[in-house]
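# Chains, contacts and geometry: an overview
In case you want the letters, here they are:
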Amino acid sequence: MFQRGKRKRLARNLIAAFNAHDCAGVQACLAADCVFIDSSGARIDGRETCAETTRRFFEAEPGFHLAITSYTVVGEEVLMSGTTTARDPLVAKDRLWRAKIVQGEVAEFQSYCDGEPRLLARALAPEAYHY
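These lines cover the structure that appears in this document, whether it is placed above or below. (Residues numbered from 1 in each chain as written. Predicted model: local features only at pLDDT ≥ 70, side-chain atom pairs only at ≥ 80, totals over all residues. Heavy atoms only, no water.)

### Re the packing of aromatic side chains
The test is simple: Aromatic contacts are taken between Phe, Tyr and Trp rings whose centres are within 6.5 Å, Trp giving its six-membered ring; a plane angle under 30 degrees counts as stacked, one over 60 as edge-to-face, and the others as tilted. Elements are defined by DSSP. Helices are runs of H or I of four residues or more, strands are runs of E of two residues or more, and each kind is numbered from the N terminus. Partly exposed describes any residue whose relative accessible area lies between the buried limit of under 20% and the exposed limit of over 50%, with all areas from a 1.4 Å probe on protein chains only and scaled to the type maximum. Only Lys NZ and Arg CZ are tested; either one counts as a charge over a ring when it is within 6 Å of the ring centre and within 35 degrees of the ring normal.
Taken as a whole and assessed by the stated rule, the structure comprises six aromatic pairs. Considering the side-chain rings of Phe36 and Phe109, the 5.8 Å spacing of their centres and the 55 degrees angle between planes classify their relative orientation as tilted. Here Phe36, found in strand E1 (residues 30-37), pairs with Phe109, found in strand E6 (residues 105-112); they are 73 residues apart in sequence, far enough to count as distant. Phe109 matches Phe36 in its accessibility class, with the two residues each being buried. Arranged with centres 6.2 Å apart and planes meeting at 55 degrees, the rings of Phe57 and Phe58 form a pair that is tilted. Like Phe57, the residue Phe58 is buried in the burial classification. Taken together, the ring pairs connect Phe18, Phe36, Phe57, Phe58, Phe64 and Phe109 into an aromatic cluster. Here Arg12 stacks its cationic end above the ring of Tyr71, 4.3 Å away from the centre of that ring.

This is the structure in structure tokens:
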């Protein structure tokens, strides 16, 4: 039970950092080998690369905001549902998120949505990351 509360708190901290557009706060929540997976299934690997991609995303979407309506802890994962606010209609949607929490850090963060996904991970990743 205690771990459930800690996992939920970390997920809330991550969402708060996203909403504050606080890249250092986002990075502080992440494991060194974390993985971000966008709703198209594209991946970004590693804390620094995820932080740089997040910074680029905030520049592209200055009004971005996550409104989480529910948090559910299942094992190591925190499942979240809610909506996003953004200029891009492919980003502003009802969504689901999954944060896998391992040893007090976010090891994986994945976004899910219905319809056409925005290919954010590849588009915003640092140039050296593209393959």
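### Observations regarding the sheet that holds strand E2 (residues 43-45)
Basically, it comes down to this: Pairing between strands is defined by DSSP: at least two bridges between them are needed. Axis angles are defined between N-to-C directions and span 0 to 180 degrees, where every axis is a line fitted to C-alpha atoms and, for a helix, only to the segment in contact. Residue contacts follow a heavy-atom distance rule, with two residues in contact if any of their heavy atoms lie within 4.5 Å.
Ordered by their spatial adjacency, six strands build an open sheet running E2-E1-E6-E5-E4-E3, and the pairing between neighbours is mixed. Of all the strands in the sheet, the pair left with one neighbour each is E2 and strand E3 (65-74). Pairwise comparison of adjacent strand axes, ignoring direction, gives a mean angle of 15 degrees for this sheet. Here E3 pairs with strand E4 (residues 77-85) via nine bridges, running antiparallel. Opposite Val74, over in E4, you have Glu77 as the bridge partner. Sitting on the sheet, helix H3 (residues 47-60) touches E1, E2 and E6, and the angle it makes with E1 is about 50 degrees.

Taken by themselves, the reported measurements are silent on function.
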